[in-house]
Amino acid sequence: MKLSDFPKDILPFILPETRNDLIYRCLGCGREHGIKKLLYTCPDCGQVLLLYDREFEKLKKIPGKTWRRIFDYRKLLTLPALKGIYRYHEFIGPVLPLESIVYLGEGHTPVIEANALMQEKAGGKFYFKNDGQNPSASFKDRGMASALSYIHFLIQQGIVDDVLAVCASTGDTSASAALYASYLQPHIKSAVLLPHKKVTPQQLSQPLGSGARVFEIPGVFDDCMKVVEALSEKYAVALLNSKNAWRILGQESYSYEIAQDFEYDMAGKVVVVPIGNAGNITAVMSGFLKFYHAGIIETLPKIVGVQSVHANPVYRYYQEPDPGQRKFLPVTVKASVAQAAMIGNPVSMPRVIHLVDQYNQAAGRPLVFFVEVMEQAIMDWQLQANRNGHVACTHGGESLAGLVAARQLGYVEKNEIAILDSTAHAIKFSGFQEMYFENRFPNEFEVRPDSTLINLPELIRPDHLEKVPAPGKPLWGEDFDCFVKAVSQEIADLLKLKKV
Ligand SMILES: *Cc1c(COP(=O)(O)O)cnc(C)c1O
Ligand SMILES: [Zn+2]
């Protein structure tokens, strides 16, 4: 819609103003640092940072009702900069002028209601929010759009140039980082570090296709992360892991979209997310808190964080009911089909601890819960969902398994409506589906296929046929007629088709 066609009272708010009020705040010592330098940890104490808006109070001057109309009307814009996560510009990156924003089609992913059969199986109404329908097929694009838009801004300001962006990855961070960095050629080049043989072939193909330097490292993600941290401490590189607070800021859009998807009514809603490095759950809590404090939503939704029993340090931490006795211990991860979340020492743990407190305090009661699920349950629920119209990845299966567990534990009530994060597209993790269908899971995964979920291709090659077509060698005439007849007969028999 043309700007001139917007209602007069909303028009002044449609194009956001740029204001320079963001600062890094340290979660350890509480000190604040300017954002003109790319910082990942506090120069004073080494702790992780979050970005804060010093003028957040000003946002409250606009009533919640007006904000809701601003975001709803912005849906009608055709301006690329505001088509993605920056629809919520004032909450996501008010320092960025529109010409710095990199938009590759991220955000505003569909919310799909489960059919009656799935609702019955899972014990209540739920939706998948398909973050696999982002440009690099995972939610990581939300954070990358933010991080790379900010670096783009610094380049345009002449503050940095010739940037080398680096990240460690369980697969999706590198796919996303390489994609966004490649758009900003020739100013940015990227290098990604992956645990050797611990990312799927599809994920490996992505940064290669985007032209990044790809390094495979022995070990697991946590080992790669240490190497990248060492690089970012000693050398002039831009770190794109979720240690980078700009990533968190962009990923908050997930919460804003859920709010908007459900007409800003979060009462009786439960948001379920898988946890790996814990950047996502950090952003989800932070996003809902901001909308709550600004009066855009009146209720905070429940949040359920899910981990596999094979990579469950956050779950373990919250097993201790007495906050004073809780102690964070990294775990040694085991093989997991939720491979992108196979992380034993999550970088964002201090952020999670901080935000869970804030969240529960704001709600006046415990509203954030943690559950663990078996690898078997992750696979079974993923496959079950996808047989009912979804495109959930294994982590989406983990969310669904987590919802079922949370219902059993009484964290989620029958009439509450869940929104499950399918963090990537099913196709990225199809190798696990294949292992399941072919009963080839190595023992370490502890997954045994349920025969009712197995599905395999069937070769139709009638024995009595002498000639069948082959690529480059078609059949003709009677041979071809015989072939078509025999094959269609066999398929009709297998499907028990009735004659017309
Ligand atoms: C990165 C990732 C996760 C884990 O998210 P964190 O922010 O690291 O907790 C889950 N699922 C997929 C598909 C991912 O790529
Ligand atoms: Zn500090």
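Keep in mind it's a predicted model, so treat the numbers as computed, not measured.

Caption draft 1: Representation of the overall build of the protein chain within the structure. Across its full length, the protein chain holds 18 helices and 13 strands. Computed over C-alpha atoms, the radius of gyration of the protein chain comes to 24 Å, within 12% of the 23 Å expected from 2.2 N^0.38 for 500 residues, which places it in the range of a compact globule. Taken across its 500 residues, the protein chain has 55% of its residues classed as buried. Summed over all atoms, the accessible surface of the protein chain reaches about 22100 Å², with 53% contributed by carbon and sulfur.

Caption draft 2: Just the coordination of the zinc ion (ligand 2), in detail. Here the zinc ion (ligand 2) is held by the protein donor atoms Cys 26 (SG), Cys 29 (SG), Cys 42 (SG) and Cys 45 (SG), which lie 2.3 Å from it. Considering all four donor atoms around the zinc ion (ligand 2), the spread of angles at the metal, 92 to 119°, places the coordination shape in the tetrahedral class. Each donor residue of the zinc ion (ligand 2) belongs to the same chain, with the gaps between them written as C-x2-C-x12-C-x2-C. One end of the pair, Cys 26, is in strand β1 (residues 22-26); the other, Cys 45, is in the loop between β2 (32-33) and β3 (49-53), with 19 residues separating them in the sequence. Here Cys 45 falls in the partly exposed class, since its relative accessible area comes to 37%.

Caption draft 3: Structural context of empty space enclosed by the protein. As enumerated under the stated definition, the model contains two cavities of 30 Å³ or more in all. Taken as a whole, the largest cavity encloses approximately 250 Å³ of empty space. Around the largest cavity sit 24 residues that line it, and Phe 139, Lys 140, Gly 276, Asn 277 and Ala 340 are the ones nearest its centre. Its residues placed into classes, the lining of the largest cavity shows nine nonpolar, 12 polar and three charged. Each of domain 1 (111-135 + 252-450) and domain 2 (139-245) gives at least three residues to the lining of the largest cavity. If you go around the second largest cavity, the residues you meet are Thr 170, Pro 195, Lys 198, Val 220, Phe 221, Gln 339 and Met 342. For the lining of the second largest cavity, the residue count by class is four nonpolar, two polar and one charged.

Caption draft 4: Region of interest: the environment of Pro 94. Within the secondary structure, Pro 94 is located in the loop between α4 (89-92) and β4 (111-113). Spatially, the C-alpha atom of Pro 94 lies 29 Å from that of Leu 420, the residues being 326 residues apart in sequence. For Pro 94, the contacting residues outside a window of four places in its chain are Glu 17, Thr 18, Arg 19, Leu 22, Asp 53 and His 89.

Caption draft 5: Here's a closer look at a nonpolar patch on the surface. Nonpolar side chains collect at one region of the surface, where Ile 491, Leu 494, Leu 495 and Leu 497 lie side by side and expose about 390 Å² of accessible area between them. In this structure Ile 491 comes out as partly exposed when scored by relative accessible area, which is 37%.

Caption draft 6: Structural detail: the domain arrangement of the protein chain. Here the protein chain is described as being made up of domain 1 (111-135 + 252-450), domain 2 (139-245) and domain 3 (461-500). Here domain 1 and domain 3 have C-alpha centroids that lie 47 Å from each other.

Caption draft 7: Just the site of ligand 1, in detail. Taken together, 13 residues lie near ligand 1, and Lys 140, Asp 172, Asn 277, Asn 280 and Thr 423 sit nearest. Between an oxygen atom of ligand 1 and a side-chain N or O atom of Lys 140, the distance comes to 2.6 Å. With respect to ligand 1, the side chain of Thr 423 contributes an N or O atom lying 2.7 Å from a nitrogen atom. In the complex, 98% of the free accessible area of ligand 1, which totals 380 Å², lies under the protein chains. Grouping the constituent residues of the shell around ligand 1 by class yields five nonpolar, six polar and two charged. When residues of the shell around ligand 1 are assigned to domains, at least three fall in each of domain 1 (111-135 + 252-450) and domain 2 (139-245).

Caption draft 8: Local environment of the pattern of salt bridges. Per the counting criterion, the structure on display carries 21 salt bridges. A salt bridge links Arg 19 to Asp 21; the shortest N-O distance between them is 3.0 Å. When its relative accessible area of 15% is taken as the criterion, Asp 21 is described as buried. In this structure, the salt-bridge partner of Glu 257 is Lys 129, at a minimum N-O distance of 2.8 Å. Of the two residues, Glu 257 is situated in helix α11 (residues 253-261) and Lys 129 in strand β5 (residues 126-130); the sequence distance between them amounts to 128 residues. Through salt bridges with shared partners, one network takes in Lys 129, Asp 131, Arg 142, Glu 257 and Asp 261.

Caption draft 9: Structural context of the sheet that holds β2. If you trace the three strands from one edge of the open sheet to the other, you get β2-β1-β3, paired in antiparallel fashion. Edge strands, defined here as strands with exactly one partner in the open sheet, are β2 and β3. Direction of pairing for β1 relative to β3: antiparallel, over a ladder of five bridges. For Tyr 24, the partnering residue across the bridge sits in β3 and is Leu 51.

Caption draft 10: Spatial organisation of the pairing of β1. In terms of burial, β1 is a largely internal element, four of the five residues being buried. Where β1 meets β2, two bridges bridge the pair, whose relative direction is antiparallel. Its bridge partner being in β2, Tyr 24 is matched across the sheet by His 33. Here β1 folds back onto β2, and the loop between the two strands holds five residues, one of which, Gly 30, carries a positive phi near 80°.

Analysis parameters
- Residues numbered from 1 in each chain as written.
- Chains lettered and ligands numbered in written order.
- Predicted model: local features only at pLDDT ≥ 70, side-chain atom pairs only at ≥ 80, totals over all residues.
- Heavy atoms only, no water.
- Helix = DSSP H or I, 4+ residues; strand = E, 2+ residues; numbered from the N terminus.
- Rg over C-alpha atoms; globule rule 2.2 N^0.38 Å.
- Buried < 20%, exposed > 50% of the residue type's maximum accessible area, 1.4 Å probe, protein only.
- Areas by Shrake-Rupley, 256 points an atom, 1.4 Å probe, with all protein chains shown as cover.
- Donors = N, O, S within 2.8 Å, 3.2 Å for Na, K, Ca; no water.
- Tetrahedral: all angles 85-135°; square planar, octahedral: opposite > 155°, others 65-115°.
- 1 Å grid on protein atoms, 1.4 Å probe; cavity = no way out; pocket = protein on both sides within 12 Å on 5 of 7 lines; lining within 4 Å.
- Points joined across faces, edges and corners; volume = space filled by probe spheres on them.
- Nonpolar A, V, L, I, M, F, W, Y, C, P; charged D, E, K, R; others polar.
- Domains from an automatic or database assignment.
- Contact = heavy atoms within 4.5 Å.
- Patch = residues over 30% accessible without salt bridge, like charges linked within 9 Å, V, L, I, M, F, W, Y side chains within 5 Å.
- Salt bridge = Lys/Arg side-chain N within 4 Å of Asp/Glu carboxyl O.
- Near = heavy atom within 4 Å.
- Polar contact = N/O pair within 3.5 Å; in protein donor to acceptor, adjacent residues only side chain to side chain.
- Pairing = 2+ DSSP bridges.

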